[in-house]
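Understanding the architecture of this molecule
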Amino acid sequence: MASWIPIFAIILAVVLVIGPVMWLKPSARDRKVAAMRQSAATAGLKVQMQPLPEALGKGTAATYFSQWRNPRRLATGWGLELKRVEHEMHFDGRWDWRNGRTAPEAARPALKELIAMLPADATAIFANDSGLGVQWRERSGDAGLAAVTQALAEQRPLIEEAIRQVARTEPGLG
């Protein structure tokens, strides 16, 4: 019996050293998400973590932003978020305006097209100083990333021009 004590002590020491190292090792999902975010950065998208819409509970999800080409005089500060139920009073099915701030009317057709192109795990759309962003839970993997990247590439320029505020000129001046 005494001959087992040193072997047991060695095994215990190895487990105590390797255990925490294995615990800190990224999971397969963490590595996949990191690779997706790196691909997004290579494609020119910026990734930020933001809170989920209130209707979806607590937590955060990644928002992939396509930066504005010319950020001057844009009507930003609005967002669309996924709601729990579909309703005819919403902007588009389950999508409705965040905090009552709406996008200019001219941007709405492009926004509906953007929504139609998004993966099923998309949760919000933001227009702020960072650009036009799509928040999604990244569950749809590479196919979801491709859909978000394509949707932003096609619709961001249209939305950017639609939300550009025309410089106001006063009659009788000049």
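Residues numbered from 1 in each chain as written. Predicted model: local features only at pLDDT ≥ 70, side-chain atom pairs only at ≥ 80, totals over all residues. Heavy atoms only, no water.

Notably, R73 is not glycine yet its phi reads approximately 55 degrees, a positive angle. Within the fold, R73 resides in the loop between β2 (60-66) and β3 (78-82). Residues other than glycine seldom take positive phi values, yet N99 does so here, at roughly 55 degrees. When you line up the elements, N99 lands in the loop between β4 (95-97) and α3 (108-117). Judged by its relative accessible area of 70%, N99 is exposed. (Helix = DSSP H or I, 4+ residues; strand = E, 2+ residues; numbered from the N terminus. Buried < 20%, exposed > 50% of the residue type's maximum accessible area, 1.4 Å probe, protein only.)

This next bit is on the packing of aromatic side chains. Given two aromatic rings, one states the distance between the centres and the angle between the planes to describe the pair. For the coordinates displayed, the defined rule picks out 3 aromatic pairs. For the pair Y64 and W136, a centre-to-centre distance of 5.5 Å together with 50 degrees between the ring planes defines the contact as tilted. On the criterion of sequence distance, the pair formed by Y64 in strand β2 and W136 in strand β6 (residues 131-136) is long-range, its members being 72 residues apart. Ring geometry for F91 versus W97: centroids 4.9 Å apart, planes at 55 degrees, classification tilted. Among the aromatic side chains, those forming a connected cluster through ring pairs are W78, F91 and W97. Positioned above the aromatic ring of F91 is the side chain of K112, whose terminal nitrogen or guanidinium carbon lies 5.2 Å from the ring centre. (Phe/Tyr/Trp six-rings, centres within 6.5 Å; stacked < 30°, edge-to-face > 60°. Lys NZ or Arg CZ within 6 Å of the ring centre and 35° of its normal.)

Read these as spatial facts, not as claims about activity.
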